[in-house]
Amino acid sequence: MGRADHQNKESIQPENKPRLLPLPWVILIDLVLIGAGLIVFAMFHHVMPRDIQTSGLSLPRPTTTRTVTPDVTTSTASPTTASESQSTATMASSQAETTSAPTEPSLDPDSWQAKFADQFTDGTVIRTDQEYRSANLAITIQQQKRGDAVYYLADIYMSDIEQFRSAFAAGVYGRGLTDDVLDIAVENDAILAMSGDYYGIRDQGIVIRNGELYRDVLFDDVLVLYYDGSMETVEAKAFDMDRILTEGAWQAWSFGPMLLDQGEPMTTFNSRVNPDNPRSAVGYYEPGHYCFVLVDGRQAGYSSGMTLTELSQLFFDLGCSAAYNLDGGQSAILTFFDQVVNQPYKDGRKISDIVYIADPGTD
Amino acid sequence: MIRRALPHLCLVGSIMMLTFIVIDFFNRAMHFIGGNEVFNTFLLIFTLLVLVSSIWTICDHRRSQR
């Protein structure tokens, strides 16, 4: 009886064992679960809009100007390098649109308007596909090639720092709120706009926009633009929030890294994303004179992009005294009025903010 | 059932964690992982151990089921 039971058990046991799925199926199911897990995480982390508690501190324009250390290199000349070939072939020429406007009766000799008088018009607005000039603003866009990278250089002169602005997607500060660079630019009447620091993808990084402090959590290098027009890049270890607030910060971005060290090109950076990539970056010559650089990349046969070392050297060659890398890659987009200037990688992506130049006095 | 599913869930979780650790390594701005380097190293080791352990357990289960 006992032996018969044992034999019976042996004959039944294999049938009671759960059927094993083939190994490829097991691997496939695990991979699907991993993919699903990552997508669900990305939905919560990137896509779903979330309110962020802001510092809510409005930073008024200071009555006294901050002390600016002398720039290592300062140039007001048109920033073109001799070794580079300028090409405007891809930018269709258009007839200049001119609009008459009343001229200013008097000019403060210390103002940027007087300082850059040769860049501004007497009130006439000149607008082409590569240029915008008015009594308060001058922007020139050039397409250039450097090695195997195509980049766009927007040279900017302005008469007031409040023309250098930034804007949020949907006009609201928050996580997961994104929009196309062009749409944000058009909504804000931007003349020139570029992808910002994509603050909305992180919980960290100083965020000061248009004179308002939104986030005061430090993260790596910071770019600060002051009300007096000076711009500085600050390493995280040297950052002092009280100082920049006291000195009148108008904007602050957190992406980085900084690209010039005391006006000198750098070879090591506070970033691990050094390979060739599309880039967007801001350069500073002197108060009132800035540049946007947009490098196209990841497009074989057209432009491979730039390393941070190459980008740093480019800003040095341009004569900038400070420069800072903003969100590049697929985010790197430059717009001029209602047109995208560059060729974004995979048509670009929606992001949370832009930097832009406006000319409020002119319609 | 739970005994069979658990190592697979550990495997999925550990690979997801490794993905975040790698992304965070190249782009710290994502800030998936904390800023403490020692903690990050231990987390990486722990994740790798869980990964190896879960694969091992899955293999053992399959072998014993045959």
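Residues numbered from 1 in each chain as written. Chains lettered and ligands numbered in written order. Predicted model: local features only at pLDDT ≥ 70, side-chain atom pairs only at ≥ 80, totals over all residues. Heavy atoms only, no water.

Draft legend 1. Summary view of the overall build of chain A. Along its length, chain A carries 6 helices and 22 strands. In chain A, buried positions account for 51% of the 363 residues. Here the contacts in chain A between residues at least 6 apart in sequence split such that 74% fall between residues at least 24 apart. Accessible surface, chain A: about 17200 Å² in total, of which carbon and sulfur atoms supply 52%. (Helix = DSSP H or I, 4+ residues; strand = E, 2+ residues; numbered from the N terminus. Buried < 20%, exposed > 50% of the residue type's maximum accessible area, 1.4 Å probe, protein only. Contact = heavy atoms within 4.5 Å. Areas by Shrake-Rupley, 256 points an atom, 1.4 Å probe, with all protein chains shown as cover.)

Draft legend 2. Summary view of the overall build of chain B. Each helix and strand in chain B was counted, giving 2 helices and 0 strands. Expected size for 66 residues packed as a compact globule is a radius of gyration near 11 Å; at 14 Å, chain B overshoots this value by more than 25%. Taking the principal axes of the C-alpha coordinates as reference, chain B spans close to 45 × 20 × 15 Å. Taking all 66 residues of chain B together, 32% fall into the buried category. Across chain B, contacts joining residues at least 24 apart in sequence account for 62% of those joining residues at least 6 apart. Counting only carbon and sulfur atoms, one obtains 74% of the accessible surface of chain B, whose full area is about 4400 Å². (Rg over C-alpha atoms; globule rule 2.2 N^0.38 Å.)

Draft legend 3. Expanded view of the environment of Gln 262 of chain A. All names here are of chain A. Here Gln 262 lies in the loop between strand 15 (260-261) and strand 16 (264-265). For Gln 262, a relative accessible area of 64% translates into the label exposed. Residues Gln 262 and Glu 232, 30 residues apart in the sequence, show an inter-C-alpha distance of 9.5 Å.

Draft legend 4. Spatial organisation of the sheet that holds strand 21 (residues 339-340) of chain A. All names here are of chain A. Taken in spatial order, the 5 strands make up an open sheet running 8-22-9-20-21, and their pairing is antiparallel. Every interior strand has two partners, whereas the edge strands, strand 8 (164-168) and strand 21, have only one. With 4 bridges connecting them, strand 9 (residues 192-195) and strand 22 (residues 353-357) associate as antiparallel partners. Paired with Ala 193 across the strands is Tyr 356, a residue of strand 22. (Pairing = 2+ DSSP bridges.)

Draft legend 5. Looking closely at the packing of aromatic side chains. Considering all chains together, one arrives at 17 aromatic pairs over all chains under this definition. Taking the centre distance of 5.4 Å and the plane angle of 70° together, the rings of Phe 41 of chain A and Phe 32 of chain B count as edge-to-face. In this pair, Phe 41 of chain A is assigned in helix 2 (residues 23-47) and Phe 32 of chain B in the loop between helix 1 (2-26) and helix 2 (37-65), connecting two distinct chains. Relative to Phe 32 of chain B, the ring of Phe 20 of chain B has its centre 5.1 Å away and its plane inclined at 50°; by these criteria the two rings are tilted. Here Phe 20 of chain B, found in helix 1, pairs with Phe 32 of chain B, found in the loop between helix 1 and helix 2; they are 12 residues apart in sequence, far enough to count as distant. Overall, the relative accessible area of 9% leaves Phe 20 of chain B in the buried class. (Phe/Tyr/Trp six-rings, centres within 6.5 Å; stacked < 30°, edge-to-face > 60°.)

Draft legend 6. Local environment of the side chain of Gln 251 of chain A. Residues and elements named next belong to chain A. Here Gln 251 shows up in strand 14 (residues 249-253). Side-chain polar atoms of Gln 251 contact the side chain of Ser 166, separated by 2.7 Å. Within the local environment of Gln 251, its side chain forms a polar contact with the side chain of Asn 210, the two groups lying 2.7 Å apart. Those residues in contact with Gln 251, other than ones at most four positions away along the chain, are Phe 164, Arg 165, Ser 166, Ile 208, Arg 209, Asn 210, Leu 223, Val 224 and Leu 225. (Polar contact = N/O pair within 3.5 Å; in protein donor to acceptor, adjacent residues only side chain to side chain.)

Draft legend 7. Quick look at the packing of helix 2 of chain A against helix 1 of chain B. The N-to-C vectors of helix 2 of chain A and helix 1 of chain B enclose an angle of 50°; their axes lie 9 Å apart at closest approach. In terms of axis orientation, helix 2 of chain A runs oblique to helix 1 of chain B. Relative to helix 1 of chain B, the crossing made by helix 2 of chain A is right-handed. Contact with helix 2 of chain A, carried on its side by Val 26, Asp 30, Leu 33, Ile 34, Gly 37, Leu 38 and Phe 41 of chain A, involves His 8, Leu 11, Val 12, Ile 15, Met 16, Thr 19 and Phe 20 of chain B of helix 1 of chain B and no other residues of that element. Here the contact of helix 2 of chain A with helix 1 of chain B is composed, by residue class, of 10 nonpolar, 3 polar and 1 charged. (Axes fitted to C-alpha atoms, helices over the stretch in contact; angles between N-to-C directions. Parallel < 35°, antiparallel > 145°, perpendicular 65-115°, else oblique. Left-handed = near helix turned anticlockwise from the far one by under 90°. Nonpolar A, V, L, I, M, F, W, Y, C, P; charged D, E, K, R; others polar.)

Draft legend 8. Structural view of the side chain of Thr 128 of chain A. Take Thr 128 of chain A: it is sitting in the loop between strand 4 (125-127) and strand 5 (131-133). A distance of 3.2 Å separates the side chain of Thr 128 of chain A from the backbone nitrogen of Gln 130 of chain A, its partner in a polar contact.

Draft legend 9. Layout of the pattern of salt bridges. Residue and element names in this part refer to chain A. All chains considered together, the criterion is met by 11 salt bridges over all chains. One salt bridge in this structure joins Arg 209 and Asp 197, with 2.7 Å as the shortest N-O distance. With Arg 209 in strand 10 (residues 207-209) and Asp 197 in the loop between strand 9 and strand 10, this pair connects stretches of sequence that are 12 residues apart. Residue classification places Arg 209 among the buried positions, given a relative accessible area of 2%. Taking the relative accessible area as the measure of exposure, Asp 197 reaches 0% and is therefore buried. (Salt bridge = Lys/Arg side-chain N within 4 Å of Asp/Glu carboxyl O.)

Draft legend 10. Representation of the interface of chain B and chain A in the model. Tallying the contact residues gives 19 residues for chain B and 24 residues for chain A. It is Arg 28, Arg 62 and Gln 65 of chain B that lose the most area in chain B upon contact with chain A, and together they represent 27% of the buried surface on that side. Our enumeration of links across chain B and chain A arrives at 0 salt bridges. For the pair chain B and chain A, the number of links is 2 residue pairs in polar contact (both at pLDDT 80 or more). Those elements that place two or more of their residues in the side of chain B that touches chain A are helix 1 and helix 2 of chain B. The element best represented in the side of chain B that touches chain A is helix 1 of chain B, accounting for 10 residues. (Buried area = accessible area lost by both parts, 1.4 Å probe.)

Draft legend 11. Spotlight on helix 6 (residues 308-318) of chain A. Residue and element names in this part refer to chain A. Of all the residues in helix 6, the buried ones are Leu 308, Leu 311, Ser 312, Leu 314, Phe 315 and Leu 318. An end-on view of helix 6 places all buried positions within 155° of arc, on one side of the element. Directly after helix 6, the chain includes Gly 319, whose backbone phi takes a positive value near 95°. (Arc of directions from axis to C-beta.)

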